[in-house]
Amino acid sequence: MTSSPNISVVVPLYNEEDSLSELVEQLLDALRPTGENFELVLINDGSTDRTADLLIELSSKVPELVGVLLRKNYGQTAAMAAGFDIASG
């Protein structure tokens, strides 16, 4: 991205290794054609599967993706709050 995003999509994740790639693909397919600057702020809320690893991998490949890794499971509300703190759109 060349400028600050106008849109931030904030999504908490917990044990989403099976659906994470599809989620990112679907969000990109929906948002890229709009021409708006956007970011995807995805928060791993202490998952016990490979969600964190996949989020790191996807973050390195998708410039619009901002991955946030929480050390343990704090719950959906805390994960959303962390995402809102990071979001700039």
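Residues numbered from 1 in each chain as written. Predicted model: local features only at pLDDT ≥ 70, side-chain atom pairs only at ≥ 80, totals over all residues. Heavy atoms only, no water.

A. Representation of the sheet that holds strand β2 (residues 38-45) in the model. One open sheet holds the three strands; their spatial order is β1-β2-β3, and the pairing between them is parallel. Of all the strands in the sheet, just β1 (7-13) and β3 (65-70) have a single pairing partner and so form its edges. Direction aside, the axes of adjacent strands within the sheet are offset by 15° on average. The strands that helix α1 (residues 20-31) touches are β1 and β2; relative to β2, the one it contacts most, it runs at about 160°. Each of β1, β2 and β3 touches helix α2 (residues 51-61); the most contacted strand, β3, lies at about 150° to it. (Pairing = 2+ DSSP bridges. Helix = DSSP H or I, 4+ residues; strand = E, 2+ residues; numbered from the N terminus. Axes fitted to C-alpha atoms, helices over the stretch in contact; angles between N-to-C directions. Contact = heavy atoms within 4.5 Å.)

B. Layout of the nonpolar core. Ranked by internal contacts, the top residues of the largest apolar core, which has 15 residues, are L20, V24, L40, L42 and L65. Mapped by element, the contributors of at least two residues to this core are β1, α1, β2 and α2. With five residues, α1 is the largest single contributor of residues to this core. The contact partners of L65, leaving out residues within four places of it in the chain, are L40, L42, L55, L58 and S59. Core analysis: the next-biggest nonpolar cluster, separate from the first, contains seven residues, V10, V41, I43 and L70 among them. (Core = buried A, V, L, I, M, F, W, Y, C linked by side-chain atoms within 4.5 Å. Buried < 20%, exposed > 50% of the residue type's maximum accessible area, 1.4 Å probe, protein only.)

C. Representation of helix α3 (residues 76-86) within the structure. For α3, every residue scored as buried is listed here: A79, A82 and G83. Angularly, the buried residues of α3 cover 100° about the axis, an arc narrow enough to put them on a single face. Facing away from the buried surface of α3 by more than 90 degrees, the exposed residues are T77, F84 and D85. Taken together, the buried residues of α3 touch β1, β2 and β3. (Arc of directions from axis to C-beta.)

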